[in-house]
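Structural description and commentary
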Amino acid sequence: MSVTIGALRESAPREMRVSLVPEVTDKLLKEGARVLIERTAGERAGFPDASYRGVDWAASASEVLQSADVLLTVQPLSLEQIAQLRASAVLAGFMQPYARSAEIRALKERGVTSFAMELVPRISRAQSMDALSSQAAIGGYKAVLIAASSLQKFMPMLTTAAGTIRPAQVLIIGAGVAGLQAIATAKRLGAVVEAYDVRSATREQVRSLGAKFVDTGVSAEGAGGYARELTAEERAKQQEILDARIAAADAVITTAAVPGRPAPRLISRATIERMRPGAVVVDLAAEQGGNCELTRAGETVEHQGVKIVGPVNLAADLAYHASEMYARNLFNFLKPALVKGELVIDWNDEVFAQSCLTSGGQVRHEPTARALEGAK
């Protein structure tokens, strides 16, 4: 009997994405799977029901939750939704394991096998499954557009009858996927771009995109492609040089994050007060507490003429392409386990082993298990 793969109309506030798009449902059907989708699931992302072919339709979310052998989601399920899952169900999507202890316990107690897309290992073979990177690229792109629309200046240099307009000075802090996309976008808009990252290995990537690398003399290479947390002495040295570059910038975009921890604080109130009136800070780490002291998630704060923007879930603002990229990530993740229409998970595969959050009534991801024990 073919495995039933389900998708919901996402119910989280402001979430416009969908976990399955027509291109990917076609591929799943060719693999022999049955696809069950809640009505209008893709509508807000630009994928009306009529664009899907060969799928089965569910009139409600409950029907999908109770029928799916494999459920693909964008946002984590609620406790009420988890309670409707079959005990044998497999769940894959963003799980936010560091922030959703009650939901993780519910998945464990229900016996659901869950895979967190945040935990997919950053190895060469898994690049096509890296949903964090695909969605981060959208955040970096949108952040520059937000900065450009918030500035009281042009981004590019312009020669006009009224004289020459100097280009905007843009500083990108963090040269991961989001930061690199922000650099590329700011350069396309004609800004003069500087960038900084504690990982010295990003220096050449920054330069290859036409930006100047800000060298503070501090390096923090971390495991798994992430930056490690800096020591107090390293932070002080970094901060002194960064503060001077922040003060000189027209727009600052921050993307620095440490998985499972609050975002590192890189911009203080005092530094904001050194910036020119009309300058803009776009803080992509707003949902993790913010890289700027004055950031408020989901709000724009103005302090002494400087705007601090704290956007949340930027990927949902480009829901069409974000959904396409995310659905491909999910398909590439699942495909090795789809054998003649059945789901056969190879637990010796490091991608499945390392991304598994819960299975068999246990929390399989050790850091999350320890965090849950400590929260009791």
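Here we summarise the structure given alongside this text. (Residues numbered from 1 in each chain as written. Predicted model: local features only at pLDDT ≥ 70, side-chain atom pairs only at ≥ 80, totals over all residues. Heavy atoms only, no water.)

**Things to note about the nonpolar core**
One finds Ile 5, Leu 20, Leu 28, Leu 72, Met 117 and Phe 333 to be the most contacted residues of the largest nonpolar core, which totals 40 residues. Of all the secondary structure elements, the ones that give two or more residues to this core are β1 (4-7), α1 (22-30), β2 (34-38), β4 (70-72), β5 (90-93), α10 (319-334) and α11 (350-355). The dominant element in this core, judged by the number of residues it contributes, is α10, at 7 residues. When neighbours within four sequence positions are excluded, Leu 72 is seen to be in contact with Ile 5, Gly 6, Ala 7, Leu 8, Ser 19, Leu 20, Ala 92, Leu 330 and Leu 334. (Core = buried A, V, L, I, M, F, W, Y, C linked by side-chain atoms within 4.5 Å. Buried < 20%, exposed > 50% of the residue type's maximum accessible area, 1.4 Å probe, protein only. Helix = DSSP H or I, 4+ residues; strand = E, 2+ residues; numbered from the N terminus. Contact = heavy atoms within 4.5 Å.)

**A closer look at a nonpolar patch on the surface**
A surface patch of nonpolar side chains, about 210 Å² in accessible area, is lined by Tyr 141, Leu 145 and Leu 189. Here Leu 189 lies in the loop between α6 (177-188) and β10 (192-196). (Patch = residues over 30% accessible without salt bridge, like charges linked within 9 Å, V, L, I, M, F, W, Y side chains within 5 Å. Areas by Shrake-Rupley, 256 points an atom, 1.4 Å probe, with all protein chains shown as cover. Salt bridge = Lys/Arg side-chain N within 4 Å of Asp/Glu carboxyl O.)

**Notes on the packing of helix α5 (residues 131-150) against α10**
Two numbers describe how α5 lies on α10: the axes approach to 9 Å, and their chain directions differ by 170°. Between α5 and α10, the crossing angle belongs to the class labelled roughly antiparallel. Here α5 contributes Ala 131, Ser 134, Gln 135 and Ile 138 to the contact with α10, which in turn contributes Ala 322, Met 325, Tyr 326 and Asn 329. For the contact of α5 with α10, the class distribution of residues is 5 nonpolar, 3 polar and no charged. (Axes fitted to C-alpha atoms, helices over the stretch in contact; angles between N-to-C directions. Parallel < 35°, antiparallel > 145°, perpendicular 65-115°, else oblique. Nonpolar A, V, L, I, M, F, W, Y, C, P; charged D, E, K, R; others polar.)

**A look at the side chain of Gln 81**
Here Gln 81 is to be found in helix α3 (residues 79-82). One polar contact links the side chain of Gln 81 to the main-chain amide nitrogen of Ser 78, over a distance of 2.9 Å. Residues in contact with Gln 81, not counting those within four places in the same chain, are Leu 8, Ser 11 and Leu 65. (Polar contact = N/O pair within 3.5 Å; in protein donor to acceptor, adjacent residues only side chain to side chain.)

**Looking at the pattern of salt bridges**
What the rule picks out here adds up to 20 salt bridges. Among the ionic pairs, Arg 203 bridges to Asp 215, the shortest N-O distance being 3.5 Å. On the criterion of sequence distance, the pair formed by Arg 203 in helix α7 (residues 203-208) and Asp 215 in the loop between β11 (212-213) and α8 (232-248) is long-range, its members being 12 residues apart. According to the relative accessible area criterion, Asp 215 is partly exposed, its value standing at 47%. Among the charged side chains, a network of salt bridges with common partners joins Glu 23, Lys 27, Glu 324 and Arg 328.

**Quick notes on the pairing of β2**
Within β2, 4 of the 5 residues are buried, leaving the element largely enclosed by the surrounding structure. The pairing of β1 with β2 spans 4 bridges and is parallel. Paired with Ala 7 across the bridge in β2 is Ile 37. Handedness of the crossover joining β1 and β2 through α1 is recorded here as right-handed. (Pairing = 2+ DSSP bridges. Right-handed = clockwise from strand over helix to strand, strands pointing away.)

**Digging into empty space enclosed by the protein**
Scanning the entire structure with this criterion turns up 1 cavity of 30 Å³ or more. By volume, the largest cavity amounts to about 40 Å³. Lining the largest cavity are Pro 76, Leu 77, Ile 82, Leu 91, Met 95, Arg 100, Glu 103, Ile 104 and Leu 107. The dominant element in the lining of the largest cavity, judged by the number of residues it contributes, is helix α4 (residues 101-110), at 3 residues. (1 Å grid on protein atoms, 1.4 Å probe; cavity = no way out; pocket = protein on both sides within 12 Å on 5 of 7 lines; lining within 4 Å. Points joined across faces, edges and corners; volume = space filled by probe spheres on them.)

**Let's talk about the sheet that holds β5**
The strand order across the open sheet built from 8 strands is β3-β2-β1-β4-β5-β6-β18-β19, with neighbouring strands paired in mixed fashion. Each end of this open sheet is capped by a strand with a single partner; those strands are β3 (56-58) and β19 (362-363). By the bridge criterion, 2 bridges tie strand β6 (residues 113-116) to strand β18 (residues 356-359) in an arrangement that is antiparallel. Paired with Ser 114 across the two strands is Thr 358, which belongs to β18. Seen against the sheet, α4 touches β5, β6, β18 and β19 and runs at an angle of roughly 45° to β18.

**Side note on the environment of Tyr 326**
Following the sequence through the fold, Tyr 326 ends up in helix α10. Each C-alpha atom, one on Tyr 326 and one on Arg 39, is 20 Å from the other, the two residues being 287 residues apart in sequence. Every residue in contact with Tyr 326, bar those within four places of it in the chain, is listed here: Ser 19, Thr 73, Val 74, Gly 93, Phe 94, Met 117, Ala 131 and Gln 135. Looking at Tyr 326, its side chain comes within polar contact range of the main-chain oxygen of Thr 73, at 2.6 Å.

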